[in-house]
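# Analysis of the macromolecular model
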Amino acid sequence: MSVVEADLLVKDCLLVPMDGRGSVSGAYLAVRDGRVIHADRPKGLAFRAEEAIDGRGKAVLPGFINCHTHAPMTLLRGLAEDVPLEAWLREHIWPVEAKMGPSEVYRGALLACLEMALTGTTCFCDMYFHEGQVAEAALKSGLRAVLAPGIFDAPGPEVGERMFEDALRVFERYHGAGDGRIKVVLGPHAPYTCSRELLERIRDKARELGTGIHIHLAETEGEVKDCLARHGKTPVEYLAELGLLRPGTTAAHCVHLTDQDIALLAEAGVGIAHCPVANAKLGVGVARVPEMLTAGLAVGLGTDGPASNNALDMLETVKFACLLQKAAKRDPTVLTARQALEMATIGGARALGLADQVGSLEPGKKADFIILDLRKASTTPLHDIYAALVYSARSGAVEAVFVDGQPVVLEGQHVKLDAEEVLREAAEAAEELLKRAA
Ligand code: NI
């Protein structure tokens, strides 16, 4: 009998691998050197492991991938509620953000990393300024991250220049950090906050660096109208003309798309970060997710920033994604629980260009996975694991979180961060910030 030598083994679990197979009961997940080496029933193999976890009553699945957020905005959540996006940004968020320094960005990001890990997220894509501080928070908390230092020049070319230079410094310093856990891409904020010249410069620099682009796109009807008035094109057509749509580009929101826009995005191989909770909360509309999936687009899920959600909880987002489509289409058959869970895992990995590394549990992939306790009132009885995870499980069921095979959360507690300290320091930073902004 051949023996599988592992560093870590989860025995006898309900495996939800998200690799095209359905769920596998009585499965063993074996990890060596940070990678999955077995994710299936034992099949006659014997296992020897440094550490073993009893998986009975537990679901094991790939960690959630949050494809779009602004982690430091935890400090601003609850600050301005129930107002339209434009007013929310211009009157409430931007004036306070202008006062945010590196230490506040760090504390806000660390709080976000704590919340994301405890709710089962192993990888997040972020756009903000002082993004090096978000990298530090991701490294300290053990999460994987795609970081997009934000760049815009709406306030003037000197602002664009400074942000562009900052982004290059963050790329230099952090791209590939943490044994490859950190990937740095360029983050032009949106077509309406960046000049054509800046967008072209970012396009060329991203090509030169061999990295991707993360951008907000077609979030509101107003954005589309303005773009049509200014350029005679939809935002998608405009970016296509500028050559920003290509594999490696991830576009957040994409709420207001024409059929032609969807075809252009699919043809270009752009990844989509769908943010249903933020879209609904800000009243901007419902993205055409079923149409995007039919067109073959890689669609992942994002929470968007915690100031417009206000949580960073992917189990909540995955449920809401399903319900929103069913309500909007008046059709309970659109976007099934399994499709939505795919978006939260392997779909997100595809949207971020990480599908060769994470997003599903199969031999060779990085061991980014979570363990959920199914012995809860909300997941009993267990007739359908996808329905249980998407419609009735709560993030309190997340028991353990591993990234690169390393524990980040065990027994529901973060093992790398002192949670009380993170909460206290974030609350203090938020208070200081508001005093200065007043
Ligand atoms: Ni956003």
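Refer to the structure above for everything that follows.
These numbers were taken from a predicted model, which means no experiment stands behind them.

### Things to note about the sheet that holds strand β11 (residues 213-217)
- Pairing in this open sheet of four strands is parallel, and the strands run β11-β12-β13-β14 from one edge to the other. Both edges of this open sheet fall to β11 and β14 (298-301), since each of them pairs with a single strand only. Direction aside, neighbouring strands of the sheet carry axes that sit 25° apart on average.
- Pairing geometry for β11 and strand β12 (residues 249-253), over five bridges, is parallel. Among the inter-strand pairings, His214 is bridged to a residue of β12, identified as Thr250.

### Points about the pattern of salt bridges
- Under the criterion given, the structure shown has 26 salt bridges.
- Across the pair Asp166 and Arg169 runs a salt bridge whose closest N-O atoms are separated by 2.6 Å. Taken together, the residues Asp166 and Arg169, both in helix α4 (residues 157-174) and three residues apart, mark about one turn of the helix.
- A salt bridge links Glu241 to Lys233; its shortest N-O distance comes to 3.3 Å.
- In this structure Glu241 comes out as partly exposed when scored by relative accessible area, which is 43%.
- Given a relative accessible area of 25%, Lys233 falls into the partly exposed group.
- A single network of salt bridges, built from pairs that share partners, joins Asp19, Arg21, Asp40 and Lys43.

### What to know about the state of the cysteines
- In the structure shown here, the tally under the stated rule is zero disulfides.
- Between Cys123, a free cysteine, and Cys67, which holds the nearest cysteine sulfur, the sulfur-to-sulfur gap is 7.5 Å.
- Judged by relative accessible area, Cys123 falls into the buried class, the value being 0%.

### Considerations on the nonpolar core
- Judged by nonpolar contacts, the single largest core of 114 residues is most densely connected at Leu61, Trp88, Phe124, Leu265, Met292, Leu341 and Leu372.
- With nine residues, helix α2 (residues 102-118) is the largest single contributor of residues to this core.
- Counting 17 residues, the second-largest nonpolar core is a separate cluster that includes Val10, Val36, Phe369 and Ala400.

Reading guide: rules and limits
Residues numbered from 1 in each chain as written. Predicted model: local features only at pLDDT ≥ 70, side-chain atom pairs only at ≥ 80, totals over all residues. Heavy atoms only, no water. Pairing = 2+ DSSP bridges. Helix = DSSP H or I, 4+ residues; strand = E, 2+ residues; numbered from the N terminus. Axes fitted to C-alpha atoms, helices over the stretch in contact; angles between N-to-C directions. Salt bridge = Lys/Arg side-chain N within 4 Å of Asp/Glu carboxyl O. Buried < 20%, exposed > 50% of the residue type's maximum accessible area, 1.4 Å probe, protein only. Disulfide = S-S within 2.5 Å. Core = buried A, V, L, I, M, F, W, Y, C linked by side-chain atoms within 4.5 Å.

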